[in-house]
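# Per-entry structural report
So you can see what is in the structure, the chains are spelled out below.
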Amino acid sequence: ALPAPRRRRAVPAAMSAEASRGVEPAEAAPGAAGQQAMLGEMAEDAAVWCAVNGLVVGDRADPRSGTVPGVGLVHAPISLLPARFPASFWKQACELAPIFNELVDRVSLDGEFLQSALSRTKLVDEFTARLLEIHEKMMALSKKEDIRLGLHRSDYMLDSETNSLLQIELNTISSSFPGLGSLVSELHRTLLNQYGKVLGLDSKRIPQNWAATQFAEALGRAWAEYNNDSAFVLMVVQPEERNMYDQYWLVNHLKESYGVKSIRKTLAQVEAEGQVLADGTLVIDGRAVAVVYFRAGYAPTDYPSEAEWRARLLMEQSSAIKCPSISYHLVGTKKIQQELAKPNVLERFLDNEEDIAKLRRSFAGLWSLDNEEIVKSAIEKPDLFVLKPQREGGGNNIYGRDLRDTLIKLQKEQGESLAAYILMQRIFPKSSLTPLVRGGDCFEDLTISELGIYGAYLRNKDKVILNNQCGYLMRTKVSSSNEGGVAAGFAVLDSIYLT
Ligand code: ADP
Ligand code: MG
Ligand code: MG
């Protein structure tokens, strides 16, 4: 059996019960010792639930867990109770999803805008330059993507200083955890059905989360639009992926609900086995591909050689539906996020003033580094900012003293090197005491959370087939960590409890 949770770090005496997750003073609430014992029991139930319901990831300790399915599984790192989240902010975040979906689509059609907004970044960031090069080639061919599929995740934090919901970023490629995220909501509901009375928590206040089935639906309907019954969905993956079960959940739904078969290939395999026929059909290993769904290709490390870039170009040139296309990918870069936040830029892409106002309300301060005044402020008060390069996947941002040192160094270098980064207002969510379960161990720690809202968008020429909010993912990290990758071991998967 799991031991009762232990405190990882001393909790400040000032922390009151209400700052601790979930545990509302209920009539039947057990004393402190009883509560610890109950959390231990819950943690064991949770770990069992994860195992029997596929809320699992590959275990780092097993070297084969990232390459061989079914080997070396461990329950996903989770919080034991859902995070309290005000219903008004939840509603606000959900309403933003279809607007962001639409925005991405509109911006993606303006190739000149993407090229010019990223033109200085390109000079100093080789990775962005390579993406732009593919984009430019498609522009030169006047290549039109009639069928466009977006599977996005817009991430937010609640800023305690301003009491507002602010966007961290919008992911347009490889948005992760739609599969496992839905399961965490179900796990928390199950736990509250059993323990909620004692804790004073009602399982009905956890919003339904259909992210996995809705993403599968979007992929299935895109496949149907492509209109080739014998074609496959190609999932492009990294050679080693410990988060493969999140991906297999989508594969499974696709097969069971839509009868659509998937193939799983790395960029290198696509290069070796792929070709584009004269009519534009992408064929991998003899099989026609209707939809290319990228769960790799967002980081420079995904392209260790020219072969991977050739694969990316090959797929882009084909008639297969790309999720994302090179344009959708570029729209999701941090630089474009910053450009869209400038005055009068949203107006170029959207007509509805209310929608524009809603988007703008969710924007934190974002600046390019040619704004000397902001760079000066950031050097003076580095803790109020985050310095971001054009990267995805966590662990790339710069904070605090490193931020100051980096800015000073970049300023000295003169030239264009500042153009590789953007500056962002640092958001400060309230922390709370949370019971976490990782690798079968339960412990409590001070945490902050980030809410991701999934969105699916599918259109064929003028017909918008889907424009939906599709469930959510809460990620919770110990507040002492700047970045909280779940895979990196700092964060856990979580769900929300509406208050
Ligand atoms: P990535 O594409 O690598 O996920 P993000 O912009 O999401 O890049 O940054 C990674 C993490 O850094 C976020 O999940 C969040 O924990 C933290 N972070 C990013 N921007 C901010 C911000 N403005 N204020 C506070 N934390 C931030
Ligand atoms: Mg990202
Ligand atoms: Mg992120």
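Residues numbered from 1 in each chain as written. Chains lettered and ligands numbered in written order. Predicted model: local features only at pLDDT ≥ 70, side-chain atom pairs only at ≥ 80, totals over all residues. Heavy atoms only, no water.

### Remarks on the coordination of the magnesium ion (ligand 2)
Ideal values differ by geometry: the angle at a metal is 109.5 degrees with four tetrahedral donors, but 90 or 180 degrees with six octahedral donors. Note the threshold: Each metal's donors are the N, O and S atoms found within 2.8 Å of it, except that Na, K and Ca use a 3.2 Å limit; water is left out, so coordination can look incomplete. Runs of E in the DSSP output that reach at least two residues are strands. Runs of H or I that reach at least four are helices, and both are numbered from the N terminus.
Here the magnesium ion (ligand 2) is held by the protein donor atoms Glu169 (OE), Glu169 (OE), Asn171 (OD1) and Glu392 (OE), which lie 1.9 to 2.3 Å from it. Between the two metals, the magnesium ion (ligand 2) and the magnesium ion (ligand 3), the spacing is 3.6 Å, and Glu169 donates to both. Of this pair, Glu169 sits in strand β7 (residues 164-171) while Glu392 sits in the loop between β15 (385-389) and α16 (400-413), and the two are 223 residues apart along the sequence.

### A word on the packing of helix α15 (residues 372-380) against α16
Put simply, the test is: Think of each axis as a best-fit line through the C-alpha atoms, taken over the contacting stretch in the case of a helix, with angles from 0 to 180 degrees between the N-to-C directions. Just so you know how the angles are binned, under 35 degrees is roughly parallel, over 145 roughly antiparallel, 65 to 115 roughly perpendicular, and the rest oblique. Crossings are assigned a handedness: left-handed for a near helix turned anticlockwise from the far helix by less than a right angle, right-handed for a clockwise turn. In this analysis, two residues are considered to be in contact whenever any of their non-hydrogen atoms come within 4.5 Å of each other. Under the convention adopted here, Pro, Cys and the residues Ala, Val, Leu, Ile, Met, Phe, Trp and Tyr are nonpolar, Asp, Glu, Lys and Arg are charged, and Gly plus all remaining residues are polar.
α16 packs onto α15 with a crossing angle of 140 degrees between their chain directions and a minimal axis gap of 8 Å. By the angle between their axes, α15 is oblique relative to α16. Two packed elements cross with a definite hand, and for α15 against α16 that hand is left-handed. Taking contact as the criterion, the partners of Val375, Ala378, Ile379 and Glu380 in α15 are, on α16, Leu403, Arg404, Leu407, Ile408 and Gln411. Looking at side-chain class alone, the contact of α15 with α16 contains 6 nonpolar, 1 polar and 2 charged residues.

### Focus: the pattern of salt bridges
Put simply, the test is: A pairing counts as a salt bridge when a side-chain nitrogen of Lys or Arg comes within 4 Å of a carboxyl oxygen of Asp or Glu. When accessible area is computed with a 1.4 Å probe and restricted to protein chains, residues below 20% of their type maximum are described as buried, those above 50% as exposed, and intermediate ones as partly exposed.
The final tally for this structure, using the stated rule, is 31 salt bridges. With its nearest N and O atoms 2.9 Å apart, the salt bridge here joins Glu145 to Lys143. The exposure class assigned to Lys143 is partly exposed, which follows from its relative accessible area of 24%. Here Lys334 ties to Glu392 by a salt bridge, and the two come within 2.9 Å at their closest N and O atoms.

### Remarks on the sheet that holds β15
This is how it is decided: Strand pairing is defined by DSSP finding a minimum of two bridges between the two strands.
Read from one edge to the other, the open sheet built from 3 strands follows the order β14-β16-β15, with strand pairing classed as antiparallel. Only two strands of the sheet have a single neighbouring strand rather than two, namely β14 (366-368) and β15. Averaged over neighbouring strand pairs, the angle between their axes works out to 25 degrees when direction is ignored. Judged from the 3 bridges that link them, β14 and strand β16 (residues 421-425) form a sheet pairing that is antiparallel. Bridge pairing in β16 links Ser368 to Ile422. Strand contacts of α16: β15 and β16, with the helix running at about 55 degrees to β15, the strand carrying the most contacts.

### Considerations on the site of ligand 1
Selection criterion: The nearness test applies per residue and asks whether one of its heavy atoms lies within 4 Å of the molecule or strand. Polar contact criterion, stated in full: a pair of N or O atoms within 3.5 Å, where within protein one must be able to donate a hydrogen and the other to accept it, and residues adjacent in sequence count only if both atoms are side-chain atoms. Exposure was quantified through the Shrake-Rupley algorithm and a 1.4 Å probe, taking into account, for residues, occlusion by the shown protein chains and nothing else.
The environment of ligand 1 is made up of 20 residues, and the closest members are Lys388, Glu392, Gly394, Gln425 and Glu450. With respect to ligand 1, the side chain of Lys388 contributes an N or O atom lying 2.6 Å from an oxygen atom. Between ligand 1 and Gln425, the relevant distance is 2.8 Å, taken from a nitrogen atom to a main-chain nitrogen or oxygen of the residue. When ligand 1 is considered free in solution it has 540 Å² of accessible area, and contact with the protein chains removes 94% of it. Looking at the shell around ligand 1, the elements that each hand over two or more residues are β7, β15 and β16. Tallied by class, residues from the shell around ligand 1 come to 6 nonpolar, 5 polar and 9 charged.

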